[in-house]
Amino acid sequence: MELDNALRERADAPELPLLRLQNRLGLSSFAYGLLVGAISFAFLLLPLLAYELNASAQRDIMTSALFFSSSFAILAGFAAPVFRGAAADMNALGPVLPLNEEDRRILARGLSRMTRATLLRELGYGAIAGALHCYLLGHATLPPLLMLQQITATMTLWLLMTMTVPKLVANALLFSRLGRCAKPDLLRPSRHAAFGSAALRPALFLIGTLCAYVVLFLENGLSVEPTVLIGALVSLPTLLGIITLPLRGIRQRIAEARVANLAVLDQRLEAIATAQLADLPTKTLQDMDILLDMRERVAQAPGWPLDLAGVRRILLYIVLPPLTWVAAAVVEMLVDAMV
């Protein structure tokens, strides 16, 4: 596989702004996310000090503060593990990729970087989407301080999402491309299991941001305005693409390798089986037994680049948390309906 100029330019580009800021602060991912969440939460609670509000308005402000602060904390705190983890996945795939060490280093470096032109374009899209979303939400009709806060929070969330999510999609496309030219090892599937990690890690990232929307349901039940959920509706198809793209290419290669190896093994077995088994010498029967055992192992080789630990992580981190949040929201709405 030859690296094109775009991939090489990406490796020389600056890191994503969220990652650069974390490096300058010298904080761990957990502390960085906690700091961003705490600052945004305090900022969004300022109207409680500036205005005399009734209980309903106070709850709305608190809900909004929880939603935005948790979203910002997840985006800031998980950005480094996701993007730098992708670089570790790239390095782990060395044995099955037709790349030399230098090319693999270039690709790994570019997974957390974006050229300035691309960054400005994505931020432009985010600004347009954020402004349109603010208009649809009617932020311009709010009191001055509350309007400023809601517009700032909404715009910032869109900018952060368009700064990170398109990069996740670009990385998924790259892993898909690499998967199509990989040489899977059917007898040692752990050698290409990093393709599964490359799909799971960003999926967890997006799942976390989507879970923040449950705060809105817990407070408002089914009365949440559809315009509030625009971000979630955009994220869902993106989540599907981020999960499936890194797995698509390598799954095809695994299937092709299985078919090719089984065909060769069947030919060798067919050559032996043309004779009467009872007439075959012991050495030939032993060779046949080895071939049959190898054929069984190849036929049962995993078709997905996920080890057992990866499957457990899917169930534990991707399936169970959203179901828990949804169950909590449903219980809350049922209790409210019965009271």
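Throughout this document, residue positions are counted from 1 along each chain, in the order its sequence is written. Predicted model: local features are reported for residues with pLDDT of at least 70 only, side-chain atom pairs are reported and counted for 80 or more only, and whole-chain, interface and lining totals are derived from all residues. Excluding hydrogens and water, the side-chain figures rest on all heavy atoms present in the structure.

## Regarding the overall build of the chain
Within the chain, the regular secondary structure consists of 13 helices and zero strands. Labels follow the DSSP assignment, with helices taken as runs of H or I lasting at least four residues and strands as runs of E lasting at least two, numbered in each case from the N terminus. Ordering the α and β elements of the chain from the N terminus gives α-α-α-α-α-α-α-α-α-α-α-α-α. Per-residue burial for the chain yields a buried fraction of 42% across its 339 residues. Partitioning the contacts of the chain with sequence separation of at least 6, the portion at a separation of at least 24 is 81%. Only the protein chains shown count as covering a residue, and every accessible area follows the Shrake-Rupley method with a 1.4 Å probe. Carbon and sulfur atoms form 65% of the exposed surface of the chain, whose accessible area is close to 17900 Å². Relative accessibility under 20% of the residue-type maximum defines a buried residue, over 50% an exposed one, and the middle range a partly exposed one, all with a 1.4 Å probe and only protein chains included. Contacts are residue-level and defined by heavy atoms, with any inter-residue pair within 4.5 Å sufficient.

## Thoughts on the packing of helix 1 (residues 5-12) against helix 6 (residues 101-110)
Two measures define how a pair of helices packs: the angle their axes make with one another and the distance between the axes. Note on method: axes are straight lines fitted to C-alpha atoms, helices fitted across the in-contact stretch only, with angles between N-to-C directions ranging 0 to 180 degrees. Two elements in contact, helix 1 and helix 6, have axes separated by 7 Å at closest approach and are oriented at 65°. For the crossing formed where helix 1 meets helix 6, the hand is left-handed. Where helix 1 approaches helix 6, its residues Leu-7, Arg-8, Arg-10 and Ala-11 are matched on the opposing element by Asp-103, Ile-106, Leu-107, Arg-109 and Gly-110. For this classification, the nonpolar set comprises Ala, Val, Leu, Ile, Met, Phe, Trp, Tyr, Cys and Pro, the charged set comprises Asp, Glu, Lys and Arg, and every other residue, Gly included, is treated as polar. Across the contact of helix 1 with helix 6, the residue classes tally to four nonpolar, one polar and four charged. Crossings are classed by handedness, with left-handed meaning an anticlockwise turn of the near helix from the far one by less than a right angle and right-handed meaning a clockwise turn.

## What about the confidence of the model for the chain?
For every residue, the predictor assigns a confidence score, pLDDT, that lies between 0 and 100. Across the chain, pLDDT averages 85, with 86% of residues at or above 70. No element of the chain has a lower mean pLDDT than helix 13 (residues 308-338), at 53, and none a higher one than helix 2 (residues 17-25), at 94.

## A closer look at the pattern of salt bridges
Opposite charge on two side chains allows them to pair when their charged atoms are near. Salt bridge, as used here, is a side-chain nitrogen of Lys or Arg placed within 4 Å of a carboxyl oxygen of Asp or Glu. This structure, assessed with the given rule, holds ten salt bridges. Arg-121 serves as the salt-bridge partner of Glu-122, at 3.8 Å between the closest nitrogen and oxygen. On the basis of relative accessible area, Glu-122 is assigned to the buried category, the value being 12%. Residue Asp-185 pairs with Arg-188 through a salt bridge whose shortest N-O separation is 2.7 Å. In this structure, a network of salt bridges that share partners links the residues Asp-185, Arg-188 and Arg-191.

## Structural notes on the nonpolar core
Working definition of a nonpolar core: buried Ala, Val, Leu, Ile, Met, Phe, Trp, Tyr and Cys residues. They are joined through side-chain atoms within 4.5 Å. Of all hydrophobic cores here, the largest spans 40 residues; its most connected members are Phe-67, Phe-68 and Leu-157. Broken down by element, the residue count for this core peaks at eleven residues, all from helix 5 (residues 55-92). For Leu-157, the contacting residues outside a window of four places in its chain are Phe-67, Phe-68, Ser-71, Phe-72 and Leu-75. Ala-11, Leu-107, Leu-111 and Leu-280 belong to the second-largest nonpolar core, a separate cluster that totals 34 residues.

## Observations regarding the packing of aromatic side chains
Only Phe, Tyr and Trp rings take part, Trp by its six-membered ring, and two of them pair if their centres are within 6.5 Å. Stacked means planes under 30 degrees apart, edge-to-face means over 60, and tilted covers everything else. Counting across every chain of the model gives four aromatic pairs. Site record: aromatic cluster; members linked through ring pairs are Phe-67, Phe-68, Phe-72 and Tyr-213. Sitting over the ring of Trp-304, Arg-251 keeps its end group 3.8 Å from the ring centre. Two conditions define a charge located above a ring, namely a distance within 6 Å from the ring centre to NZ of Lys or CZ of Arg, and an angle within 35 degrees of the ring normal.

## Examining a nonpolar patch on the surface
Taken together, the side chains of Leu-21, Leu-25, Leu-35 and Ile-39 define a hydrophobic patch exposed on the protein surface, amounting to about 350 Å² of accessible area. Every element with two or more residues in the nonpolar patch is listed here: helix 2 and helix 3 (29-44). Here Leu-35 shows up in helix 3. Two distance rules govern patches: like charges are joined within 9 Å, and nonpolar side chains (Val, Leu, Ile, Met, Phe, Trp, Tyr) within 5 Å, applied only to residues with over 30% relative accessible area and no salt bridge.

## Thoughts on the packing of helix 3 against helix 5
Closest axis-to-axis distance for the helix 3/helix 5 pair is 8 Å, and the angle between their directions is 160°. Classed by the angle they form, the pair helix 3 and helix 5 counts as roughly antiparallel. For the element pair helix 3 and helix 5, the recorded crossing hand is right-handed. Its residues placed into classes, the contact of helix 3 with helix 5 shows 14 nonpolar, seven polar and no charged. The cut-offs work like this: below 35 degrees is roughly parallel, past 145 is roughly antiparallel, 65 to 115 is roughly perpendicular, and the gaps in between are oblique.

## Structural notes on the side chain of Arg-104
Secondary-structure assignment places Arg-104 in helix 6. Buried charge Arg-104 goes without a salt bridge, the closest partner of opposite sign being Glu-101 at 5.3 Å. The residues touching Arg-104, leaving out its near neighbours within four places in the chain, are Met-90, Asn-91, Gly-94 and Leu-99. Neither His nor the chain ends contribute to the count of charged residues, in which Lys and Arg are positive and Asp and Glu negative.

## What to know about the environment of Leu-200
Structurally, Leu-200 is set in helix 9 (residues 194-211). Taking relative accessible area as the criterion, Leu-200 reaches 11% and is therefore assigned buried. Linking Leu-200 and Thr-244, residues 44 residues apart in sequence, is a C-alpha distance of 9.7 Å.

## Here we look at the environment of Leu-27
If you trace the backbone, Leu-27 turns up in the loop between helix 2 and helix 3. Overall, Leu-27 belongs to the partly exposed group, its relative accessible area being 29%. Separated by 50 residues in sequence, Leu-27 and Gly-77 have C-alpha atoms that sit 10.0 Å apart. Leave out the neighbours within four places in its chain, and Leu-27 touches Gln-22, Tyr-32 and Leu-35.

## A short note on the environment of Ala-199
Structurally, the position occupied by Ala-199 is in helix 9. With a relative accessible area of 3%, Ala-199 lands in the buried category. Sequence-distant contacts of Ala-199, defined by excluding residues within four places in its chain, comprise Ile-242, Ile-243, Pro-246 and Leu-247.

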